[in-house]
Structures are given as structure tokens and as C-alpha cells.
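Here is how the chains run, residue by residue.
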Amino acid sequence: MAAPYLVFDGIAKRFGGLDVVAPTFDLAIRRNEFVVFLGPSGCGKTTLMRMAGGLDTPSAGRITVDGEPTGRPDRDRGMVCQSYSAFPWLTVAQNVAFGMRYRFDLSPARKRERLDHYLQLVGLADFADTYPNRVSGGMRQRVAIARTLAAGSEILLMDEPFGALDALRREGLQLELRRIQQHDAKTIIFVTHDVEEAVFLADRIIVFSKRPARNLHEIDVGALLGPERTIELRDSETFFRLRTEILRLVRASAGDEP
Amino acid sequence: MGRPVARAAMSRPSRRRTPSRLFAFRADLPRRTSAAIAIGSSLTMLALWELAVRAGWVNGTFLPPPSIVLATLWRMVQDQHLLWHAGISTLRVWGAFTLAVVLAVPIGMLMGGFRSIGAALEPMVDFIRYLPVPALVPLSIIWFGVGEDTKIFLLWLGTFFQLVLLVADDMRRVPQDYVDIAYTLGARPAQMLTDVAFRAMLPSLFDNLRVTLGWCWTYLIIAEIVAADSGLGFVIWAARRYMNTAEVMAGVVTIGLIGLVTDQLLRRLHKRLFRYL
């Protein structure tokens, strides 16, 4: 087993006199691992993800990357949120380029190269000069993903990024995301309450209790499904059984049996 | 045989839909129809006004008909330097307004972006905001005399404190997601403010500026009535002294026209600048 990379160490979070995250939450994520936080809405899994991004502070404990405590938010931990967060005042290409705005280490030529690369990667090259209000929700979400990828974050924090999309676009983006993660070797925390999405994407699923958040179960999906994910996998017996089993765990945890 | 019947049946609902569109809730209206209605209703109002005076329903000394107001307006342009007065007033408005904007935008952004600064300034701003500008005229004259300074100060007073709170609210309405995204893309707080928050709030800021510019004209008249020998407020107030109602109304109409033109220009500019909305 590889060394831990992104580590939640003894985390607790209280807000307004209530526990948002039950003390204490511990989790070690390996480099290039795709971890899905699965749990009921409002259970505190998003709060945990935001803490990893430096956008929220734990009441106790610490979060480290490669042994170093994470501080304020920065480019090393990129985020994609649930809402369509492409900046409306920038075109698709300008949005993606914005991801590199604070990369002073890249030459303009290199930036242009990367811009083209990421526009291609998410299939938006034909819409480069279009404003986000002219493209579909799925495209806007791809803009946001390309922008975060262009920034060069090692770690991606994704909060139900496909939540508002129709089933078909969702499937397409899931495939793309999994491919990008394998190809560019990203470490991903992906928050969702969709069991099928979780099984399809994850190397490992963490099933959360309802609020306050506690990790009830861990499922090593990678060991069962392998790294390669295809559409056909969705119809396979293994996938189906895994999905049913996890759905049962989720149902039970919504009733909050430890 | 069946076809023409079907076509007739299909064309009927579309024919019936046209008139009802005018009063369908939130229904689209063609630009031309909309413009025709606007012009038509304005002309009707003017005609009624004209008729009311000519028919003797109201006394023409107190309410001169539009034809006389218009004629007076033209005469004032030729003989009384009305355009020069209008120019002076416009300069005063824009001077004071610019001063208010330059100060209100950064201060408002800080108030909306940082709770501590908001907490520190809000009570003061709220207090001054509710002081009626005319109540501060005596103080203003004691401080600045009766020159341009007083006028600029009064206009500034009337707009700055309103604007600063509007800007702060615009800033508060910038989606948190944009802020979070900016930070996780490596922006420092100052960069987040200028590159993301400011850009995100710009359309609503522009709208607020357009509205407060209108208020500025209200205070201008007060300032020019108090102490001035130029400007539209002076013209109106001087005409009042001789009970020259037509000149008073011509002055008022001039302000209205300037307001209308400025507002339309700013609306067009808004559309051009924020095509992405």
C-alpha cells in the first residue's frame, strides 16, 4: 500500500453548538486515489471536503498533504462546485485561461498550449469564444472542470459537480473525469449522494452517517472493479451487485445504525 | 378536401392569440408595439393636458398647456442661455457624482467584503443616510460658503452615503462559489477582490450608479435654489419669483429631458457592456 498523501487527522467540527463532523474523523488518501464521499444530503461531507481545500477550518485536528499541514486555499487543491461556477463575464476560453492567471511560472506560449489542450480534453474547442450563458449546463460544468485542471492542481475537490445534469451528460462526464484522473494522475475527493455514480467513479467509497458526519463504511471499489471504467461496466453483474450492496449500506446509515 | 379545413382550423388560434397577447401576464411584446404604446400613451397625456387648459377646465396661469411650455422652452434657449444653465447643472451633477462613486465603490466593496469594516462603518453611514439633505444646507453654507463647494458637497452628501450601502450589498451578493474558486485557483485576497468579486458585481453596480445619478439631480435643485446665480435650479427659482409658470415648467421639463436621455444612454451602455448576461 502506497504512503498516505492527503490525511484527515483527528478532525472535529462544531458550528452553532452542534457537531457537524463527529469527533474524530480520520482518513488517509493515497496519491492518485479517487475517493468518493457518499452520504445523505447535509450530512457534513461537503464541510470535510471544504476543510481539505482550506475554505473551512476544523475545530480540532489537522489536514496534511505529504505531511505538510494545509493552510489557506491555494492552487494545489482545486475545487469544482455543484453550481455552474463558470464566470459569466468571461468566454469559455477565457474561463479556462483564468485557471492559469496566477501561474507566473508558465510562459504565454506554454499557457496557450495548455489552454488548447484542456479545451480539447473537455470537448469545448468549438465553443472557445462563446459566453457561458450560451452553452448548456453540462458544458458550463466542463468549463469549470477544465479551468481547475488548467490551474494544475494535484488534488481535485469536487462537490456534486454533476448533480444538476441529465443522465446522459452525467454519464459522459463521469467517463471523462475518470479518464482524466487516470491519465493526469490526480487525487480526487468527490462528494455525491448518488450510489451509482459513486461506484462507477471511485477507487474507494466512504459511506457517511447522517449529520454529524462519521465514516461508517469503507468500500474498496478499486479492488473489485479495477482502474479501467467503461460504459459496459455499468451493465456488469459485479457492478450491479456492488451497487445494490452499497445502496443497502446507505439506507441503513440513513437510519443511523453504527 | 380535408386539408383546407385543417388549415383553417389551425390558423384560427393564432389569429385569436394576437390581441390577447397585449394583456397576457409577462407575455413578450414586439419592440415596435412596445414603442408605439409608449409614444401613444405619452402623446395622449399631453393632448389631455392641452385640452384641459384650452377647454378652460384649469387656469392657464397655473398650468400652462404643453404648447406654451414648449414655446417658452425654445425662447429660453434663444434668449436666456438655457443650454448654458443646463450645461452648468450637468457639470455639477457629474462632478459630485464622480466624487461620490470614486469614494463609494472601494469603501462599499470593503464594507461588503469584510464584516469588521462593515460593522465599523455601517452605523455611521446609516445615520447620515437618513439625514435629509435640505436639513444640512445651513451647515454646508457655514462650512463652505455659497460657492461651488457647497453645491458639490450637498450633491455628494445625497449620493455617497446611499451609494456606499448599495455597493456593499452588491458585494455581499457575489456568489461565495466564485470567491472559493478564485482562492483555489491561487488568487490572493486582493486579486480575488479585483479579478473576481468586482467583475461579478459590475452589472448590478452599474445599475445602482444609474439610479443614484437620478437622485443626484434631486439634490442639485435644492443646492441651486439655496445659493446660485446659474444652473437650472436657479432658472426655475428665478422664474417663480415672477409667477412665470411657463418658465418654471420649461426648466422642469429640461431636467426631465436630460434625465430621460441620460438614462436611455446608460441602459444602452449596460446592454453593450454586459452582453454576456
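Residues numbered from 1 in each chain as written. Chains lettered and ligands numbered in written order. Predicted model: local features only at pLDDT ≥ 70, side-chain atom pairs only at ≥ 80, totals over all residues. Heavy atoms only, no water.

### Re the interface of chain A and chain B
Now for step 1: At the junction of the two partners, chain A supplies 27 residues and chain B supplies 18 residues.
Now for step 2: Taking both sides of the interface into account, the surface hidden between chain A and chain B amounts to around 2100 Å²; carbon and sulfur atoms contribute 62%.
Now for step 3: Where chain A meets chain B, there are three salt bridges.
Now for step 4: Between Arg101 of chain A and Asp195 of chain B there is a salt bridge whose closest N-O contact spans 2.9 Å. (Contact = heavy atoms within 4.5 Å. Buried area = accessible area lost by both parts, 1.4 Å probe. Salt bridge = Lys/Arg side-chain N within 4 Å of Asp/Glu carboxyl O.)

### Quick word on the sheet that holds strand β10 (residues 215-219) of chain A
All names here are of chain A.
Now for step 1: The sheet built from six strands is open, its strands ordered β6-β7-β8-β3-β9-β10 with mixed pairing. Both edges of this open sheet fall to β6 (77-80) and β10, since each of them pairs with a single strand only. Looking at each pair of strands side by side, their axes are set apart by 15 degrees on average, direction ignored.
Now for step 2: Where β6 and strand β7 (residues 155-159) come together, four bridges link them in parallel fashion. Looking across to β7, one finds that Met79 is bridged to Leu157.
Now for step 3: Against the sheet, helix α4 (residues 137-150) makes contact with β6 and β7, and its axis sits at roughly 175 degrees relative to β6, the strand it touches most. (Pairing = 2+ DSSP bridges. Helix = DSSP H or I, 4+ residues; strand = E, 2+ residues; numbered from the N terminus. Axes fitted to C-alpha atoms, helices over the stretch in contact; angles between N-to-C directions.)

### Some thoughts on the sheet that holds strand β1 (residues 4-15) of chain A
All names here are of chain A.
Now for step 1: If you walk across this open sheet you meet the four strands as β2-β1-β4-β5, and the pairing is antiparallel. Each having just a single partner strand, β2 (18-30) and β5 (68-69) make up the two edges of the open sheet.
Now for step 2: When strand β4 (residues 60-65) meets β5, the two strands line up antiparallel, connected through two bridges. Along β5, the bridge assignment pairs Val65 with Glu68.
Now for step 3: Against the sheet, helix α1 (residues 45-53) makes contact with β1, β2 and β4, and its axis sits at roughly 120 degrees relative to β1, the strand it touches most.

### Observations concerning the layout of surface pockets
Residues and elements named next belong to chain B.
Now for step 1: Approximately 580 Å³ is the volume attributed to the largest pocket.
Now for step 2: Lining the largest pocket are 22 residues; nearest its centre among them are Gly112, Gly113, Gln176, Val179 and Met192.
Now for step 3: Tallied by class, residues from the lining of the largest pocket come to 12 nonpolar, five polar and five charged.
Now for step 4: The calculated volume of the second largest pocket comes to roughly 230 Å³.
Now for step 5: If you go around the second largest pocket, the residues you meet are Arg31, Gln264, Arg267, Arg268, His270 and Lys271.
Now for step 6: Per element, the largest residue contribution to the lining of the second largest pocket is five residues, and it comes from helix α11 (residues 245-273).
Now for step 7: A class-by-class count of the residues in the lining of the second largest pocket yields no nonpolar, two polar and four charged. (1 Å grid on protein atoms, 1.4 Å probe; cavity = no way out; pocket = protein on both sides within 12 Å on 5 of 7 lines; lining within 4 Å. Points joined across faces, edges and corners; volume = space filled by probe spheres on them. Nonpolar A, V, L, I, M, F, W, Y, C, P; charged D, E, K, R; others polar.)

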